[in-house]
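Architecture and fold: a report
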Amino acid sequence: MANKIDRVPVREQDPKVRAANFEEVCYGYDAEEAKLEASRCLNCKKPRCVEACPVGIQIPAFIHQVMDEDFRAAYDTISQDSSLPAICGRVCPQETQCEGSCILGVKGQPVSIGKLERFVADYNQQHEEKVQPVQKETSGVKVAIVGSGPAGLACASDLAKLGYSVTIFESLHKPGGVLTYGIPEFRLPKKAVVEKELQKLLDIGIKIETDVFVGRTVTIDDLMDKEGFKAVFVGTGAGLPLFLGIPGENLNGVFSANEYLTRNNLMQAFSKESDTPIFRARKVCVVGGGNVAMDAARTALRLGSEVTIVYRRSEKELPARAEEVHHAKEEGINFQLLTNPVEVLGDENGWVRGIRCIRMELGEPDESGRRSPVPIPGSEFDIEAEALIVALGTKINRLIADTTPGLETDRKGRLLTTETATSRKGVFAGGDVVTGAATVILAMGEGRKAAAAIHNYLTES
Amino acid sequence: MFKIVDKQQLTPLIYSLWVEAPRIAQSAKPGQFLIVRPSDNGERVPLTICDYNPDNGTVRIVVQIAGVSSNKICNLNVGDCLTDVAGPLGKPSDFMEIPEEELKGKRYLFVAGGVGAAPVYPQAKYLHERGAKVDVIIGARNKDLIIMEDEMRKVCSNLYICTDDGSKGEKGVVTLLMERLGNKYDMCVAIGPMIMMKFATLMAKKLELPITVSLNTLMVDGTGMCGACRVSVAGKTMFACVDGPEFNGYDVDFDEALRRQTLYRKEEQQANAAAGLEFKR
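About the criteria used
- Residues numbered from 1 in each chain as written.
- Chains lettered and ligands numbered in written order.
- Predicted model: local features only at pLDDT ≥ 70, side-chain atom pairs only at ≥ 80, totals over all residues.
- Heavy atoms only, no water.
- Helix = DSSP H or I, 4+ residues; strand = E, 2+ residues; numbered from the N terminus.
- Rg over C-alpha atoms; globule rule 2.2 N^0.38 Å.
- Buried < 20%, exposed > 50% of the residue type's maximum accessible area, 1.4 Å probe, protein only.
- Contact = heavy atoms within 4.5 Å.
- Areas by Shrake-Rupley, 256 points an atom, 1.4 Å probe, with all protein chains shown as cover.
- Lys, Arg positive; Asp, Glu negative; His and termini not counted.
- Charge placed at Lys NZ, Arg CZ, Asp CG, Glu CD.
- Buried area = accessible area lost by both parts, 1.4 Å probe.
- Salt bridge = Lys/Arg side-chain N within 4 Å of Asp/Glu carboxyl O.
- Nonpolar A, V, L, I, M, F, W, Y, C, P; charged D, E, K, R; others polar.
- Axes fitted to C-alpha atoms, helices over the stretch in contact; angles between N-to-C directions.
- Parallel < 35°, antiparallel > 145°, perpendicular 65-115°, else oblique.
- Left-handed = near helix turned anticlockwise from the far one by under 90°.
- Domains from an automatic or database assignment.
- Pairing = 2+ DSSP bridges.
- Core = buried A, V, L, I, M, F, W, Y, C linked by side-chain atoms within 4.5 Å.
- Phe/Tyr/Trp six-rings, centres within 6.5 Å; stacked < 30°, edge-to-face > 60°.
- Polar contact = N/O pair within 3.5 Å; in protein donor to acceptor, adjacent residues only side chain to side chain.
- Disulfide = S-S within 2.5 Å.

Structural notes on the overall build of chain B
- Across its full length, chain B holds 10 helices and 17 strands.
- By the compact-globule yardstick of 19 Å for 281 residues, chain B fits well, its C-alpha radius of gyration being 18 Å.
- Looking at chain B as a whole, 57% of its 281 residues qualify as buried.
- Long-range pairs, those at least 24 residues apart, make up 65% of the contacts in chain B with a sequence separation of at least 6.
- In the structure as shown, chain B presents an accessible area of about 11,600 Å², 48% of it carried by carbon and sulfur atoms.

Laid out in structure tokens, this is it:
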């Protein structure tokens with residue numbers, strides 16, 4: 001019988017303290033809290049949470065194992081469907097997926113599924129017996145993975161477990177893709193979480209070759225014809241940042257969120273030890289309403305700036321995870337909603353001095369079903385800022401398509417696939433390079449589907 | 001890790017390094033560049049490719065000490081390793097697409113500013129070997145910044161040298177030589193400091209000579225991901241790392257590009273001071 005108590009709150013770093021450091025905001029549940037929260041699950045006959053999970057984790061099953069204090073079994077249950085639970089527990093948009101469909105959420109608060117997943121992953125990480133990892137005998141059949149982000153990692157993990165000899169190629173000097181360069185330390189710790197998950201992949205025999213920009217350093221044809229890879233998975237993401245297309249976007253002080261976050265996360269610019277500089281402004285304006293906008297804003301705040309987020313729709317439409325918006329507000333980020341920048345204002349030397357914005361109102365729903373924002377004539381006003389960080393999304397880098405004959409794309413450069421198979425024999429793809437910018441968990445799901453398809457292809461051929 | 005197999009000091013401030021990077025040595029082409037990270041906490045430094053040897057898997061970079069990161073690179077010795085070398089990045093030079101028979105007899109003028117002689121070298125060599133008629137101007141502030149004179153001489157018909165202070169070659173700037181040589185070329189390629197490329201482009205315009213420039217903008221990843229390298233080309237925002245680094249000089253907004261290069265000047269000066277480095281400007 002489910003325990004009819006309120007959702008067990010999760011402990012977090014005090015907003016005033018954390019606004020000045022890069023340590024993780026959320027401390028997560030301890031074992032007692034996790035067991036108590038797990039006891040709220042109704043164990044539905046037809047669990048809607050499982051249907052809403054992009055990788056179909058057996059959620060009620062693992063939650064009941066938590067309740068029974070069998071944390072190892074809970075980990076095994078999750079691992080059947082997810083290869084990166086410590087990461088997904090932290091960055092999935094649970095409120096639109098598992099938790100969003102939890103029946104308890106109809107009248108009250110849904111079960112805190114994300115926090116339970118994170119607890120299970122962290123607990124097992126900390127209590128794992130140090131056993132020498134056994135490298136599985138591989139079949140010797142080589143598969144190449146292009147890109148070490150969520151899609152590539154998930155695909156590599158499944159293929160290695162099936163006995164393939166897997167090599168991941170990464171263009172940057174550190175693997176992890178967006179987990180490493182994009183999502184900040186305070187939301188996803190690198191040493192404690194990301195590097196540990198990556199180490200697990202190395203332990204099962206996966207090779208990672210960094211500093212290889214496929215398409216330039218080596219082509220997919222080279223990998224298949226000269227290096228003997230029998231199949232290739234392309235999980236290169238949607239890497240190119242979009243800019244505003246308004247006057248002043250190349251003034252000194254305008255950055256893509258990608259640049260700002262890469263400097264701080266991958267290059268560790270916040271640390272005195274790092275040689276990489278980051279622009280420190282008194283006042284920073286961030287345009288956009290997604291997770292990346294929240295990450296950039298909260299990073300700027302931690303670097304000592306006063307931060308305003310400008311978003312053209314209303315609070316309800318903010319695409320970021322609810323938790324990130326909540327945390328951003330707690331930390332003192334200002335929100336200018338229903339507002340859009342129209343011009344970046346510069347001083348006489350070409351440095352940003354402010355952002356001219358216009359107020360918006362919501363009009364008729366557009367093709368996405370969301371009410372489209374319409375500018376209110378004459379409502380222009382200026383926000384003072386020395387930096388503008390643009391977080392309006394990304395588009396596809398066409399390099400792989402341009403350097404791989406026979407690889408078809410749509411007009412936006414997204415690779416065309418049927419069940420993850422591209423138009424080119426032996427080449428599979430998944431994640432943002434197929435879907436356009438999406439989430440970590442969706443990319444992981446696609447990576448896993450591709451692994452199954454590659455296995456199928458290699459056993460049939 | 002990428003081992004340094006040869007190191008030479010070309011001038012008091014400029015070093016040449018041959019580095020083991022087998023994949024890059026196979027795929028590098030004239031016009032492309034590398035990203036080098038000297039150490040674990042080091043920056044990602046964009047550097048042009050000076051030469052490459054696919055047979056022994058090495059590439060050559062030429063580095064001028066201009067700050068903390070380039071100083072770190074130049075302090076490494078034979079047997080030491082660069083933590084990372086990624087590339088080749090960017091598009092190869094446009095003339096790589098021209099069939100070899102068409103290159104024969106084509107007249108090219110290269111204008112190299114200081115350490116810009118390094119990326120000019122593989123381009124001149126490629127064209128010279130294919131029968132193009134190549135002239136090269138190397139210009140710099142003083143003789144300590146003139147490099148690769150002998151090597152360059154072997155891959156061109158005429159080599160002209162000038163320095164601002166007259167300490168080597170003719171006294172004067174590259175545009176002076178450009179003007180004197182006049183419009184007897186099919187194409188000009190200028191590689192060097194942004195300010196030199198700006199004035200070389202103005203001179204090329206005056207001479208009605210088409211000109212390609214190679215932009216050395218700020219960069220982080222060098223793969224199109226960050227947009228730090230964006231430049232206005234023919235009124236459009238382009239990324240030097242993936243759309244370039246070479247562009248039609250006539251189309252480049254040099255004043256914007258010059259301004260954008262100063263973005264971290266303050267931080268660079270602080271870092272140089274902390275490391276005890278001094279540079280004359």
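Here we look at the overall build of chain A
- Secondary structure assignment for chain A yields 17 helices and 16 strands.
- Its C-alpha atoms give chain A a radius of gyration of 23 Å, near enough to 23 Å, the size a compact globule of 461 residues would have.
- Oriented by its inertia axes, the alpha-carbon framework of chain A measures out at about 65 × 60 × 50 Å.
- Across the 461 residues that make up chain A, the buried fraction comes to 58%.
- Taking all contacts inside chain A whose residues are at least 6 apart in sequence as the whole, residues at least 24 apart take part in 67%.
- Taken as a whole, chain A presents about 19,700 Å² of accessible surface, with 50% of it coming from carbon and sulfur.
- Chain A carries 55 positive and 64 negative side-chain charges, and their two centres are separated by 2 Å.

Some remarks on the interface of chain A and chain B
- In this assembly, 41 residues from chain A lie in contact with 43 residues from chain B.
- Taken together, the two surfaces of chain A and chain B that pack against each other cover about 3,400 Å², and 52% of this comes from carbon and sulfur.
- For chain A, the biggest contributors to the area lost against chain B are Arg216(A), Asn250(A) and Asp275(A); these three give 22% of the whole.
- Viewed at the interface, chain B and chain A are joined by three salt bridges.
- Salt-bridge contacts for Glu209(A) lead to Arg23(B); the nearest nitrogen and oxygen are separated by 2.7 Å.
- Counting residues per element, the side of chain A that touches chain B draws most heavily on helix α12 (residues 257-264) of chain A, which supplies four residues.
- Tallied by class, the residues present in the side of chain A that touches chain B amount to 17 nonpolar, 15 polar and nine charged.

Notes on the pairing of strand β3 (residues 33-37) of chain B
- The element β3(B) is largely enclosed, with a buried count of five among its five residues.
- Of the two faces of β3(B), the one carrying Phe33(B), Ile35(B) and Arg37(B) and the one carrying Leu34(B) and Val36(B) are both buried.

Focus on the pattern of salt bridges
Residues and elements named next belong to chain A.
- All told, the structure shown has 49 salt bridges over all chains when counted by the stated rule.
- For arginine 313, the salt bridge is made with aspartate 366, and the minimal N-O distance between the two is 3.7 Å. In this pair, arginine 313 sits in the loop between β8 (306-310) and α14 (322-331) while aspartate 366 sits in the loop between β11 (352-365) and β12 (371-375), placing the two residues 53 residues apart along the sequence.
- When salt bridges that share partners are traced, they join Arg18, Lys115, Arg187, Asp295, Arg298, Arg302, Arg321, Glu323, Glu324, Glu330 and Glu331 into one network.

Describing the packing of helix α6 (residues 174-181) of chain B against helix α7 (residues 194-207) of chain B
Residue and element names in this part refer to chain B.
- Look at α6 against α7: their axes get within 9 Å of each other, and the N-to-C directions meet at 20°. The orientation of α6 with respect to α7, classified from their angle, is roughly parallel. Seen from above, α6 lies across α7 with right-handed handedness. For the pair α6 and α7, contact is made by Val174, Thr175, Met178 and Glu179 and by Met196, Phe199, Ala200, Met203, Ala204, Lys206 and Leu207, respectively.
- Its residues placed into classes, the contact of α6 with α7 shows eight nonpolar, one polar and two charged.

Quick notes on the domain arrangement of chain A
Residues and elements named next belong to chain A.
- Its domain assignment divides chain A into domain 1 (2-127), domain 2 (142-238 + 397-460) and domain 3 (240-394).
- Taking the mean C-alpha position of each, domain 2 and domain 3 sit 30 Å from one another.
- Each partner contributes residues to the interface: domain 2 has 14 residues there, and domain 3 has 15 residues.
- Overall, the association of domain 2 and domain 3 removes approximately 1,300 Å² of surface from exposure, summing both partners, and the carbon and sulfur fraction of that is 57%.
- Interface area lost by domain 2 to domain 3 is led by Tyr181, Phe186 and Arg187, which between them contribute 44%.

Focus on the sheet that holds strand β10 (residues 133-140) of chain B
All names here are of chain B.
- Judged by pairing direction, the sheet is mixed, and its seven strands sit side by side in the order β12-β11-β10-β9-β13-β14-β17 without closing on themselves. Two strands close off the open sheet at either side, each with one partner strand: β12 (170-171) and β17 (246-248).
- The pairing of β10 with strand β11 (residues 158-163) spans six bridges and is classified as parallel. Directly across from isoleucine 138, in β11, lies its bridge partner isoleucine 161.

Here's the deal with the nonpolar core
- Judged by nonpolar contacts, the single largest core of 64 residues is most densely connected at Ile59(A), Phe62(A), Ile63(A), Val66(A), Leu116(A), Leu159(A) and Ile454(A).
- Take this core: its biggest share by element is nine residues, from helix α17 (residues 440-460) of chain A.
- Looking at which domains feed residues into this core, each of domain 1 (2-127) and domain 2 (142-238 + 397-460) of chain A supplies at least three.
- Core analysis: the next-biggest nonpolar cluster, separate from the first, contains 57 residues, Ile211(B), Val213(B), Leu215(B) and Ala240(B) among them.

Let's talk about the packing of aromatic side chains
- A complete count under the given rule lists 14 aromatic pairs over all chains for this structure.
- With a centroid separation of 5.3 Å and an interplanar angle of 45°, the aromatic rings of Phe255(A) and Phe279(A) are classed as tilted. Taken together, the positions of Phe255(A) in strand β6 (residues 254-256) and Phe279(A) in the loop between α12 and β7 (283-287) put the pair 24 residues apart, joining distant regions of the chain. You'll find Phe255(A) and Phe279(A) in the same group, each marked buried.
- On the basis of an interplanar angle of 75° and a centroid distance of 6.0 Å, the ring pair of Phe95(B) and Tyr108(B) is categorised as edge-to-face.

Digging into the domain arrangement of chain B
Residues and elements named next belong to chain B.
- Along its sequence, chain B is carved into domain 1 (2-89), domain 2 (94-207) and domain 3 (215-274).
- The centre of domain 1, based on its C-alpha atoms, is set 23 Å off from the matching centre of domain 2.
- Facing 15 residues of domain 1, the contacting portion of domain 2 comprises 16 residues.
- Between domain 1 and domain 2, roughly 1,300 Å² of surface is buried when both sides are summed, and carbon and sulfur atoms account for 68% of that area.
- When the buried surface of domain 1 facing domain 2 is broken down by residue, Pro30, Cys50 and Gln64 rank first, second and third, together holding 34% of it.
- Applying the counting criterion to the domain 1 and domain 2 interface returns two salt bridges.
- With its nearest N and O atoms 2.6 Å apart, the salt bridge here joins glutamate 151 to arginine 60.
- Connecting domain 1 to domain 2 are three residue pairs in polar contact (both at pLDDT 80 or more).
- Taken together, the elements giving at least two residues each to the side of domain 1 that touches domain 2 come down to β1 (2-11), β5 (51-53) and β6 (58-64).

Let's talk about unusual backbone geometry
- Omega for the bond connecting Gly87(B) with Pro88(B) falls within 30 degrees of zero, at -5°, which places this linkage in the cis form.
- Look at the link from Gly244(B) to Pro245(B): it is a cis peptide, with omega at 10°.
- Within the fold, Pro245(B) resides in the loop between α8 (240-243) and β17.
- Non-glycine residue Gln268(A) carries a positive phi angle of around 60°.

A look at the side chain of Ser27(B)
- Mapped onto the elements of the fold, Ser27(B) is located in helix α1 (residues 22-27).
- Those residues in contact with Ser27(B) that sit more than four places away from it in its chain are Arg216(A), Thr217(A), Gln32(B) and Pro88(B).

Topic: the state of the cysteines
- Going through the model one piece at a time under the given rule, you end up with zero disulfides over all chains.
- Unpaired in terms of disulfides, Cys44(A) finds its nearest cysteine sulfur in Cys41(A), a separation of 6.4 Å.
- Residue class for Cys44(A) comes out partly exposed when judged on its relative accessible area of 31%.
- Its sulfur unpaired, Cys229(B) is 3.8 Å from the next cysteine sulfur, which belongs to Cys241(B).

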